[in-house]
Amino acid sequence: MAATFAANAQGQLKLPSLSPTAKVSQEFSTSSIDITYSRPGMRGRKIFGELLPYGKAWRTGANGPTKIKIGEDLEICGQKVKMGEYTMYSIPGRETWEIILTTAPGSMGADGYPIEFDAARFKIRPVRLEQDVQNFTIQISDITFNTCKLELVWERTKIVLPIVAHNEESIESNISKTINHPQPKPYFQAANYYFETNKNLALANLYVDSALIDNQSAYYMWYLKARIERKLGNKEEAIAAAKKSIEVAKGTAMEGEYTRNNEKLIDEIKRQSGHHRQED
């Protein structure tokens with residue numbers, strides 16, 4: 001019985017990992033990018049060129065190959081990559097790195113790559129950092145409606161993979177389908193998309209007006225209305241919408257923020273108008 005207890009206790013022992021597993025799950029475009037990897041530390045070691053020799057394959061982490069799942073077709077470093085799950089390998093180099101996305105089973109070695117399983121290979125010049133990054137880090141940065149950057153960072157090296165989602169057509173199609181669908185209609189979301197992307201400001205204005213019909217106390221909708229009117233050059237309408245946003249935000253948890261934002265917008269419009277009058 002004592003032996004059984006000792007075995008069970010040993011099986012339940014949990015100790016800190018030198019290369020802890022990490023998961024990155026980032027909403028992007030109309031889906032997500034999900035990454036699972038392990039994060040080794042420098043621990044006083046020289047990493048690239050010594051611990052990880054140049055020209056030799058690396059699993060882009062520790063313990064096991066790094067996995068990346070993309071939820072829609074993307075363009076990575078100028079190459080088309082289909083929606084799916086891939087294993088990511090790297091070949092560090094002094095001047096150039098090679099990043100490999102593969103569907104190959106098992107693990108890769110330094111030689112004999114199963115090229116037939118390649119989804120894509122990217123050659124990238126590393127960025128030199130001023131300070132050490134102690135733990136290997138994969139992160140997604142600079143996110144917009146249709147672009148982001150996948151970054152690999154360790155020691156004083158950063159690798160940046162630019163990503164583009166060619167989602168305009170699918171988003172337009174989705175907006176059209178949902179706008180013409182029975183209630184509730186996503187007028188506000190569609191208006192915000194067109195405003196942020198400068199695609200169709202007249203349609204953005206029509207949609208935000210439609211959203212406001214049943215949401216007169218939605219201060220955030222009035223704020224969007226003010227910014228759309230400003231972009232359209234309708235200064236009086238923009239100021240009126242901004243004042244309405246301030247009015248309906250009173251007594252809410254967001255009163256301070258929306259008062260500041262709208263007052264700033266009104267001040268900018270008035271100063272711009274005054275500047276133009278001086279020029280005239």
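Residues numbered from 1 in each chain as written. Predicted model: local features only at pLDDT ≥ 70, side-chain atom pairs only at ≥ 80, totals over all residues. Heavy atoms only, no water.

Trainee: Got a minute to help me understand the packing of helix H2 (residues 168–179) against helix H3 (residues 187–197) in this structure?
Mentor: The relative placement of two packed helices comes down to the angle between their axes together with the axis-to-axis distance. Two elements in contact, H2 and H3, have axes separated by 10 Å at closest approach and are oriented at 150 degrees. Considering their axes alone, H2 and H3 lie roughly antiparallel with respect to each other. Like other packed secondary-structure pairs, H2 and H3 cross with a definite hand, here left-handed. Judged by residue contacts, Glu168, Ile171, Glu172, Ile175 and Ile179 of H2 engage Tyr187, Ala190, Tyr193 and Tyr194 from H3. (Axes fitted to C-alpha atoms, helices over the stretch in contact; angles between N-to-C directions. Helix = DSSP H or I, 4+ residues; strand = E, 2+ residues; numbered from the N terminus. Parallel < 35°, antiparallel > 145°, perpendicular 65-115°, else oblique. Left-handed = near helix turned anticlockwise from the far one by under 90°. Contact = heavy atoms within 4.5 Å.)

Trainee: What should I look at first to understand the sheet that holds strand S1 (residues 21–28) in this one?
Mentor: The pairing of strands in a sheet comes from backbone hydrogen bonds and takes either a parallel or an antiparallel form. The strand order across the open sheet built from six strands is S1-S2-S3-S6-S7-S8, with neighbouring strands paired in antiparallel fashion. Whereas interior strands pair on both sides, the edge strands pair on one side only; in this sheet they are S1 and strand S8 (118–124). The mean inter-strand angle of the sheet, taken between neighbouring strand axes irrespective of direction, is 20 degrees. Taken together, the six bridges between strand S7 (residues 97–102) and S8 define a ladder with antiparallel strand orientation. Following the sheet pairing, leucine 101 is matched in S8 by alanine 120. (Pairing = 2+ DSSP bridges.)

Trainee: Is there a simple way to explain H2 in this structure?
Mentor: In an α-helix, one turn spans 3.6 residues; hence positions three or four apart end up facing the same way. Look at H2: 16 Å from first C-alpha to last across twelve residues, which is about the 16 Å you get at 1.5 Å a residue. Among the residues of H2, those classed as buried are Ile171, Ile175 and Ile179. Seen from one end, H2 has its buried residues packed into an arc of 60 degrees, which puts them on one side. Opposite its buried face, H2 presents the exposed residues Glu169 and Lys177, each directed more than 90 degrees away. Buried residues belonging to H2 abut H3 and helix H4 (201–213). (Expected span 1.5 Å × (residues − 1). Buried < 20%, exposed > 50% of the residue type's maximum accessible area, 1.4 Å probe, protein only. Arc of directions from axis to C-beta.)

Trainee: Just to check I follow, could you spell out the side chain of glutamate 151 for this structure?
Mentor: Tracing the backbone through its elements, the reader meets glutamate 151 in strand S10 (residues 147–164). Despite its burial, glutamate 151 pairs with no opposite charge; the closest candidate is lysine 158, at 4.2 Å N-O. In terms of polar contacts, glutamate 151 uses its side chain to reach the side chain of glutamine 139, at 2.6 Å. Polar side-chain contacts of glutamate 151 include one of 3.0 Å to the side chain of serine 141. The contacts of glutamate 151, once residues within four sequence positions are left out, are Thr137, Ile138, Gln139, Ser141, Lys158, Ile159 and Val160. (Lys, Arg positive; Asp, Glu negative; His and termini not counted. Salt bridge = Lys/Arg side-chain N within 4 Å of Asp/Glu carboxyl O. Polar contact = N/O pair within 3.5 Å; in protein donor to acceptor, adjacent residues only side chain to side chain.)

Trainee: Got a minute to help me understand the pairing of strand S6 (residues 84–91) in this structure?
Mentor: Side-chain positions along a regular strand alternate between the two faces of the sheet. With respect to burial, S6 is a largely interior element, seven of its eight residues being buried. Pairing of strand S3 (residues 66–70) with S6, which is carried by five bridges, proceeds in the antiparallel orientation. Looking at the pairing, isoleucine 68 lines up with tyrosine 86 of S6. Pairing geometry for S6 and S7, over five bridges, is antiparallel. Within S7, the position partnered with serine 90 by the bridge is isoleucine 99.

Trainee: How should H3 be read in this particular structure?
Mentor: Where H3 is concerned, the buried positions are Tyr187, Ala190, Ala191, Tyr193, Tyr194 and Phe195. Those residues of H3 hidden inside the fold are in contact with H2, H4 and helix H5 (219–231). Once H3 ends, the next one or two residues include asparagine 198, with phi positive near 55 degrees.

Trainee: Please clarify how the pattern of salt bridges should be interpreted in this entry.
Mentor: Charged atoms that come close allow side chains of opposite charge to pair. Tallied over the entire structure, the rule returns twelve salt bridges. In this structure, lysine 46 and glutamate 155 form a salt bridge, with 3.8 Å as the shortest nitrogen-oxygen distance. Of this pair, lysine 46 sits in the loop between strand S2 (31–38) and S3 while glutamate 155 sits in strand S10; the two residues are 109 residues apart in sequence, bridging distant segments of the chain. Judged by its relative accessible area of 39%, lysine 46 falls in the partly exposed class. Using a relative accessible area of 8% as the deciding quantity, one classes glutamate 155 as buried.

Trainee: Hey, could you run me through the packing of aromatic side chains in this one?
Mentor: Aromatic ring pairs are defined here through the distance separating the ring centres and the angle between the ring planes. Counted by the stated rule, this structure contains 16 aromatic pairs. A centroid spacing of 6.0 Å and a plane angle of 90 degrees characterise the contact between phenylalanine 48 and tryptophan 154, whose relative ring orientation is edge-to-face. Pair noted here: phenylalanine 48 is in the loop between S2 and S3 and tryptophan 154 is in strand S10, with a separation of 106 residues, a long-range link. Pairing tryptophan 58 with tryptophan 97 gives two aromatic rings, centres 6.3 Å apart and planes at 80 degrees, and the pair type is edge-to-face. Note that tryptophan 58 is positioned in the loop between S2 and S3 and tryptophan 97 in strand S7, a separation of 39 residues in sequence. The buried category is assigned to tryptophan 97, whose relative accessible area is 3%. Taken together, the aromatic side chains of Tyr37, Phe48, Trp58, Trp97, Phe136 and Trp154 make up a single cluster linked through ring pairs. (Phe/Tyr/Trp six-rings, centres within 6.5 Å; stacked < 30°, edge-to-face > 60°.)

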